[in-house]
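Observations on the three-dimensional arrangement
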Amino acid sequence: TGDPAGDTASDEGIIASWGVAIAIAAPDLDAGGRRDLLERLGFDLSTRDLSHVDGEVDLDGVRFSLAYLPEFSSVVFSVARS
């Protein structure tokens, strides 16, 4: 869970944590595969806007989900076996 209240530079820690979680859950994905997964979850890497993410992807028995919860001003990224 992250608070995207700052500018895009201050959100880098949140975004980096997603990459780490993906790398652990899906070690066969290279950097391009991780990027594609984040895009499928609704994250636009060109704008890095966290307030519009919303998606869920099943990949090789692992479910990745990413959502912005406006009522809490938070972004939630989760990884679980599907």
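The notes below deal with the structure included here.

Conventions we followed
Starting from 1, residues in each chain are numbered consecutively following that chain's sequence as written. Reporting of local features is limited, given that this is a predicted model, to residues whose pLDDT is at least 70; pairs of side-chain atoms are given and counted only at 80 or more, and all residues count toward the totals for whole chains, interfaces and linings. Calculated side-chain values reflect all of the structure's heavy atoms, with hydrogen atoms and water omitted. Each residue is placed in one exposure class: buried if its accessible area under a 1.4 Å probe, protein chains only, is under 20% of its type's maximum, exposed if it is over 50%, and partly exposed if it falls in between. Secondary structure elements follow DSSP: runs of H or I no shorter than four residues count as helices, runs of E no shorter than two count as strands, and numbering proceeds from the N terminus. Two strands are counted as paired when DSSP detects at least two bridges linking them. Buried residues of nine kinds, namely Ala, Val, Leu, Ile, Met, Phe, Trp, Tyr and Cys, make up a nonpolar core once their side-chain atoms join them within 4.5 Å. Contact criterion: two residues are considered in contact whenever any of their non-hydrogen atoms come within 4.5 Å of each other.

It is worth spelling out the pairing of strand 1 (residues 54-59) at this point. Residues of strand 1 alternate between two faces, with Gly-55, Val-57 and Leu-59 buried on one and Asp-54, Glu-56 and Asp-58 left unburied on the opposite face. Relative to strand 2 (residues 62-69), strand 1 is paired through 6 bridges, and the arrangement is antiparallel. When the sheet's bridge partners are listed, Asp-54 is paired in strand 2 with Ala-67. Connecting strand 1 to the next strand, strand 2, in antiparallel fashion are 2 residues, including Asp-60 with a positive phi near 50°.

Backbone geometry at Asp-60 places phi at a positive 50°, although glycine is not the residue there. Of note, Asp-60 is situated in the loop between strand 1 and strand 2. Overall, Asp-60 belongs to the exposed group, its relative accessible area being 76%. Even without a glycine there, the phi angle at Ser-73 is positive, about 50°. Along the chain, Ser-73 turns up in the loop between strand 2 and strand 3 (74-81).

So, on to the nonpolar core. Core analysis: the biggest nonpolar cluster contains 19 residues, and Trp-18, Leu-41, Phe-43, Leu-50, Phe-64, Leu-66 and Phe-77 have the highest contact counts within it. Put simply, the parts of the chain that give this core at least two residues each are helix 1 (12-25), helix 2 (31-40), strand 1, strand 2 and strand 3. Among the elements that take part in this core, helix 1 stands out by supplying 4 residues, more than any other. Apart from residues lying up to four places away in sequence, Phe-77 is in contact with Trp-18, Ala-21, Ile-22, Leu-41, Phe-64, Ser-65 and Leu-66.

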